[in-house]
Amino acid sequence: MDSTPLADAVANRVDDGRMTFDAPIRDALLRLGYLSEDQTARVAAHQAERGLDFDQAALELGFITSEELDRARELLIGSLALQDTQRRDVSEELVVVNDPGCLRSESIRLLRTQIIAQHIRAGRRGLAFVSPIDGAGCSYLAANLAASLSQVGTKTLIVDANMRSPRLDQIFGLDVNAPGLSSFLSLQVARPERVVHANVLPNLSVITAGPPVARPQELLSGSRFRDGTNTLLREYDLVIFDTPATNANADALTVGAAAGYALVVARRNFSFFNDVSTLVSQLASARCPVIGSVLNEF
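About the thresholds
- Residues numbered from 1 in each chain as written.
- Predicted model: local features only at pLDDT ≥ 70, side-chain atom pairs only at ≥ 80, totals over all residues.
- Heavy atoms only, no water.
- Helix = DSSP H or I, 4+ residues; strand = E, 2+ residues; numbered from the N terminus.
- Contact = heavy atoms within 4.5 Å.
- Areas by Shrake-Rupley, 256 points an atom, 1.4 Å probe, with all protein chains shown as cover.
- Salt bridge = Lys/Arg side-chain N within 4 Å of Asp/Glu carboxyl O.
- Buried < 20%, exposed > 50% of the residue type's maximum accessible area, 1.4 Å probe, protein only.
- Axes fitted to C-alpha atoms, helices over the stretch in contact; angles between N-to-C directions.
- Parallel < 35°, antiparallel > 145°, perpendicular 65-115°, else oblique.
- Nonpolar A, V, L, I, M, F, W, Y, C, P; charged D, E, K, R; others polar.
- Core = buried A, V, L, I, M, F, W, Y, C linked by side-chain atoms within 4.5 Å.
- Pairing = 2+ DSSP bridges.

Asks: Now, about the overall build of the protein: what can you tell me, with residues and values included?
Replies: Scanning the protein from N- to C-terminus turns up 14 helices and nine strands. Counting only contacts in the protein whose residues sit at least 6 apart along the sequence, the fraction spanning at least 24 positions is 75%. With the model as given, the accessible surface of the protein reaches about 13,600 Å², and the carbon-plus-sulfur share is 47%.

Following this line, the structure appears as structure tokens:
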């Protein structure tokens, strides 16, 4: 993949031997002419003094407007996202695209309405789909909700945080060997935006799980995952995380804590009430509020 000048600048930006998470947005603001070099230095000083992110420090000083920041973020995402990975047709599982008139699609649209009204409009930008056991339909619901939200203009990102048995690459027809979440967490890629498949559908971007790794829980528990998640939450109206079942590992609890909120998925005549109740208690212990639950019949 040919890199852009901005992407190269971001990939090579190192301060005191560490990759900085503020460098990309700073470079974008400079490139667009929204900040001068003198203003940039003053923002950096204000950032250190107040403990803010670079973009928030620039806003607080009045050097940029919210509209200018949005344009800089759009440039940043376009410059860093994966541009030429192989793509196939989306799976038939994506019913809101392949069969929008069916009962399943209508049920997804009802869930979309509730998520917009009770979650997005409240300013919440992260949501982890969690289930106590495999086979409840987490990936199916997460993918279809993400696609449905994008259809009404909600700028959506879906992240496959199930690095044990990922499925989003299959559902969205993406290259299973492309860089993904594991690439970012294992330091093979400098920035989370560099593993984004942009505009897989209009208004919908995807981060796949990436190449297999030996210890997913250790990678998800590190500060790099939380910092990367915070970066992504600022760039999209909603970031949806697909997670593995909690009866085998604690990955979903870690992801839910970073995302901020969770939606519990159960399946009729398949999931056990005690398992769901235990999961809700575990999420509470992880300080991840549950916004609701879905009883999947499909």
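Next comes the rest of the account.
Asks: Tell me about the pattern of salt bridges, and please be specific about residues and values.
Replies: Under the definition given, this model contains eight salt bridges. We note a salt bridge from Asp55 to Arg234, for which the minimum N-O separation is 3.6 Å. On the criterion of sequence distance, the pair formed by Asp55 in helix 4 (residues 54-61) and Arg234 in helix 12 (residues 223-235) is long-range, its members being 179 residues apart. Here the two residues Asp55 and Arg234 agree in accessibility, since each one is buried.

Asks: Lay out the side chain of Asn144 with the relevant residues and their values.
Replies: Its place among the elements puts Asn144 in helix 8 (residues 138-151). Look past the residues within four positions of Asn144 in its chain and what remains in contact with it is Glu93, Leu94, Val95, Val96 and Ile108.

Asks: Tell me what's going on with the packing of helix 7 (residues 103-120) against helix 8, and back it up with residues and numbers.
Replies: Look at helix 7 against helix 8: their axes get within 9 Å of each other, and the N-to-C directions meet at 70°. Here helix 7 lies roughly perpendicular to helix 8, going by the angle between them. Contact residues: helix 7 offers Arg104, Ile108, Arg109, Leu111, Arg112, Ile115, Ile116 and Ile120, while helix 8 offers Tyr140, Leu141, Asn144, Leu145, Ser148, Leu149 and Gln151. Its residues assigned to classes, the contact of helix 7 with helix 8 shows nine nonpolar, three polar and three charged.

Asks: An account of the nonpolar core is requested, with residue identities and associated values reported.
Replies: Counting 35 residues, the largest nonpolar core has Phe129, Ile158, Phe172 and Ile240 as the members making the most contacts within it. Tallying contributions element by element places helix 8 first for this core, with nine residues. Excluding residues within four positions of it along the chain, Ile240 makes contact with Leu127, Phe129, Ala142, Leu145, Ala146, Leu149, Thr156, Leu157, Ile158 and Val159. If you look at the next biggest cluster of nonpolar residues, it comprises 33 residues, including Val159, Leu181, Leu233 and Ala262.

Asks: Any chance you could break down the sheet that holds strand 5 (residues 197-201) for me, citing the residues and the numbers?
Replies: Overall, mixed pairing links the seven strands, which are arranged 5-6-4-7-3-8-9 in an open sheet. One side of each edge strand has no neighbouring strand; the edge strands of this open sheet are strand 5 and strand 9 (290-296). Each strand of the sheet is rotated relative to its neighbour by a mean of 25°, with strand direction disregarded. As paired elements, strand 4 (residues 156-160) and strand 7 (residues 238-242) share five bridges and run parallel to each other. Its bridge partner lying in strand 7, Ile158 is registered against Ile240. Seen against the sheet, helix 8 touches strand 3 (126-130), strand 4, strand 5, strand 6 (204-207), strand 7, strand 8 (262-267) and strand 9 and runs at an angle of roughly 165° to strand 7.

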